[in-house]
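As a plain string of letters, each chain reads:
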Amino acid sequence: MKVAIIKYNAGNIRSVSFALERIGITPIVTDNAEEIRSADKVIFPGVGEASSAMHYLKNRKLDEVIKSLTQPILGICLGMQLMCKHSQEGDTTCLGIFDQEVKLFSPSPDSNEPCKVPQIGWNTVFNLKSSLFKNINENAYMYFVHSYYVELGKGTVATTNYCIDYSSALHKNNFYAVQFHTEKSSNEGQLILENFIRNTVNG
């Protein structure tokens, strides 16, 4: 199986590559459109800032490549946020695959205590509704590092609470995304990567 990791200026590529190697997959890391399009599965990781990442993708026409894919693609962390329609971070127009907004964490409506930003550490995922979560228990812990979150919406297939309930995973057709770092989420994160490789199909 050919698995491509999209190479760009915000990818946490090495740790994702190591995680795939642990399940027997040796990925290719590439920004070549034809290599990406010919892969069986594509992973779109990310750490960093939304506007500069989108600028990089557009300059290299990788934004159009990502939106055109018909094989399964998994966005991770910033990759998930960039798959949404708009981010408050840098007032950024994103890829628009998911019709959801990316917003900065703010104080809970029923508390005067502000959220600590970023959220760093382990938190639970619940309301699991995707083949990504096969054999994953409700309220399993995943590892998060982020200041911005994706609002709940039609594409939400997992929820996490940090000051508010927000989308910790999305799914639409062949597009999958998770806010947490699968590659840092112990056995459960490893299983989610394996589910993506073994249990997802073309859109």
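Each remark here, short or long, concerns the structure printed above.
Every value quoted in this text rests on a predicted model; they were computed, and no experiment measured them.

Caption draft 1: Region of the structure containing the overall build of the protein chain. From N to C terminus, the protein chain includes six helices and 13 strands. Compactness check: the protein chain gives a C-alpha radius of gyration of 16 Å against a globular reference of 17 Å for 203 residues, within 12% of the reference. Structurally, the protein chain occupies a C-alpha span of about 50 × 40 × 30 Å along its principal axes. Sorting the 203 residues of the protein chain into buried and exposed places 54% on the buried side. A separation of at least 24 residues holds for 70% of the contacts in the protein chain among residues at least 6 apart in sequence. For the protein chain, the accessible surface area stands at approximately 9000 Å², while carbon and sulfur atoms represent 46% of it.

Caption draft 2: Structural view of the pairing of strand S3 (residues 41-44). Of the two faces of S3, the one carrying Lys41 and Ile43 and the one carrying Val42 and Phe44 are both buried. Here strand S1 (residues 3-6) runs beside S3; their pairing, made up of three bridges, is parallel. Each bridged residue has a counterpart across the sheet, and for alanine 4 the counterpart in S3 is valine 42. Sheet topology note: the S3/strand S4 (residues 73-76) ladder contains three bridges and is parallel.

Caption draft 3: Spatial organisation of the packing of aromatic side chains. Applying the stated criterion across every chain yields a total of nine aromatic pairs. Here the aromatic rings of phenylalanine 105 and tyrosine 149 are separated by 5.1 Å at their centres, their planes lie at 25°, and the arrangement is stacked. Remark: tyrosine 149 occurs in strand S10 (residues 148-150) and phenylalanine 105 occurs in the loop between strand S7 (98-104) and strand S8 (119-125); sequence separation between them is 44 residues. By the burial criterion, phenylalanine 105 is buried, and tyrosine 149 matches it. Their ring planes at 75° and their centres at 6.1 Å tell us that tyrosine 176 and phenylalanine 196 sit as a pair that is edge-to-face. Of this pair, tyrosine 176 sits in strand S13 (residues 175-178) while phenylalanine 196 sits in helix H6 (residues 186-199), and the two are 20 residues apart along the sequence. Each member of the pair, tyrosine 176 together with phenylalanine 196, is buried. Aromatic rings pair up to connect Phe105, Phe144, Tyr149, Tyr162, Tyr166 and Phe180 into one cluster. A cation sits over an aromatic face here: arginine 60 above tyrosine 56, 3.6 Å from the ring centre.

Caption draft 4: Geometry of the nonpolar core. In this structure, Leu20, Ile43, Leu74, Leu132, Phe133, Met142 and Phe180 are the most contacted members of the largest nonpolar core, which totals 35 residues. Of all the secondary-structure elements, those providing two or more residues to this core are S1, helix H1 (13-22), S4, strand S9 (140-146), strand S11 (156-162), strand S12 (164-172), S13 and H6. Residues contacting phenylalanine 133, with those up to four places away along its chain left out, are Leu128, Val157, Ala158, Ala169, Phe180, Ile192 and Asn195. In terms of nonpolar packing, the next biggest core, distinct from the first, is built from 33 residues, Phe44, Ile66, Leu82 and Met83 among them.

Caption draft 5: Fine view of the environment of serine 185. Tracing the chain through its elements places serine 185 in the loop between S13 and H6. Separated by 42 residues in the primary sequence, serine 185 and tyrosine 143 have C-alpha atoms spaced 5.1 Å apart.

Thresholds, definitions, all that
Residues numbered from 1 in each chain as written. Predicted model: local features only at pLDDT ≥ 70, side-chain atom pairs only at ≥ 80, totals over all residues. Heavy atoms only, no water. Helix = DSSP H or I, 4+ residues; strand = E, 2+ residues; numbered from the N terminus. Rg over C-alpha atoms; globule rule 2.2 N^0.38 Å. Buried < 20%, exposed > 50% of the residue type's maximum accessible area, 1.4 Å probe, protein only. Contact = heavy atoms within 4.5 Å. Areas by Shrake-Rupley, 256 points an atom, 1.4 Å probe, with all protein chains shown as cover. Pairing = 2+ DSSP bridges. Phe/Tyr/Trp six-rings, centres within 6.5 Å; stacked < 30°, edge-to-face > 60°. Lys NZ or Arg CZ within 6 Å of the ring centre and 35° of its normal. Core = buried A, V, L, I, M, F, W, Y, C linked by side-chain atoms within 4.5 Å.

None of this, on its own, says anything about what the molecule does.
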